[in-house]
Amino acid sequence: DAGVIQSPRHEVTEMGQEVTLRCKPISGHNSLFWYRQTMMRGLELLIYFNNNVPIDDSGMPEDRFSAKMPNASFSTLKIQPSEPRDSAVYFCASIGQGFHYGYTFGSGTRLTVV
Amino acid sequence: GEDVEQSLFLSVREGDSSVINCTYTDSSSTYLYWYKQEPGAGLQLLTYIFSNMDMKQDQRLTVLLNKKDKHLSLRIADTQTGDSAIYFCAPQRGGKLIFGQGTTLQVKP
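Scope of this entry: the structure provided in the associated data block.

### Some words on the packing of aromatic side chains
Part 1 of the reasoning: In the structure shown here, the tally under the stated rule is 16 aromatic pairs over all chains.
Part 2 of the reasoning: Between Phe91 of chain A and Phe105 of chain A, the ring centres sit 6.4 Å apart and the planes meet at 80 degrees, which makes this aromatic pair edge-to-face. Placement of the pair is Phe91 of chain A in strand β9 (residues 88-95) and Phe105 of chain A in strand β10 (residues 104-105), with a sequence separation of 14 residues.
Part 3 of the reasoning: For Phe105 of chain A, a relative accessible area of 9% translates into the label buried.
Part 4 of the reasoning: Ring geometry for Tyr103 of chain A against Tyr33 of chain B: centres 5.5 Å apart, planes inclined by 90 degrees, an arrangement best described as edge-to-face. Residue Tyr103 of chain A is located in the loop between β9 and β10, and its partner Tyr33 of chain B is located in strand β4 (residues 31-37); the two belong to separate chains. The pair Tyr103 of chain A / Tyr33 of chain B is uniform in exposure class, with both members buried.
Part 5 of the reasoning: The aromatic ring of Tyr48 of chain B is capped on one face by Lys56 of chain B, whose charged end is 3.5 Å from the ring centroid.

In structure tokens form, the structure reads like this:
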């Protein structure tokens, strides 16, 4: 398996622009998570899905952030409009039924908003 | 909510043992994980311990769990320069992982 695949790896955008981050979980995994990592706040859970349904979005910072999971193999995290304080590394992770296998993380998308 | 605390920095000499500590607040965590993050990379699962265990050994790694004190530790035996990274304690709660702020391990040759 190729693991959790995120795209793009790097994104530089101007303030006010729309940004879309993408994630393909491991086939067969039924839970998907979006995390954000910054120096100041560490790793924060933004939202997670179970069987494509959003379960907990309490970590989504504000209405500018939205996430979708239209099917079991694809999820997006959208920021509109983007702001410089959104600059961070965004990680996607997935897990199946066996928690002893752990959560598998993607390589992340480094977002810079200028 | 869950709070997870780790010391921020640990420096050891190559060949020594490293012990990274973590305290957490939610006693309902069933799985407790340790992840490793190298510079510019994602998070790599190192090991985990189930909440009904006190200890788990996996090659150079030993995890100790004290449920009464809500204390988790990761011991790395014979620490190598390749072990230099940030280590995260991550208890699972309600299906999601809650991360500590990470401990930066510096291994001096």
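### What about the interface of chain B and chain A?
Part 1 of the reasoning: In this assembly, 17 residues from chain B lie in contact with 18 residues from chain A.
Part 2 of the reasoning: Here chain B and chain A share an interface that buries about 1,500 Å² over both sides, 57% of which is from carbon and sulfur atoms.
Part 3 of the reasoning: Looking only at chain B, the three residues that lose the most surface to chain A are Leu43, Lys96 and Phe99 of chain B, adding up to 31% of its buried area.
Part 4 of the reasoning: Joining chain B to chain A, the criterion identifies one salt bridge.
Part 5 of the reasoning: Asp56 of chain A serves as the salt-bridge partner of Lys96 of chain B, at 2.4 Å between the closest nitrogen and oxygen.
Part 6 of the reasoning: Remark: the boundary between chain B and chain A carries seven residue pairs in polar contact (both at pLDDT 80 or more).
Part 7 of the reasoning: Looking at the side of chain B that touches chain A element by element, the count peaks at four residues for β4 of chain B.

Cut-offs used in this document
Residues numbered from 1 in each chain as written. Chains lettered and ligands numbered in written order. Predicted model: local features only at pLDDT ≥ 70, side-chain atom pairs only at ≥ 80, totals over all residues. Heavy atoms only, no water. Phe/Tyr/Trp six-rings, centres within 6.5 Å; stacked < 30°, edge-to-face > 60°. Helix = DSSP H or I, 4+ residues; strand = E, 2+ residues; numbered from the N terminus. Buried < 20%, exposed > 50% of the residue type's maximum accessible area, 1.4 Å probe, protein only. Lys NZ or Arg CZ within 6 Å of the ring centre and 35° of its normal. Contact = heavy atoms within 4.5 Å. Buried area = accessible area lost by both parts, 1.4 Å probe. Salt bridge = Lys/Arg side-chain N within 4 Å of Asp/Glu carboxyl O. Polar contact = N/O pair within 3.5 Å; in protein donor to acceptor, adjacent residues only side chain to side chain.

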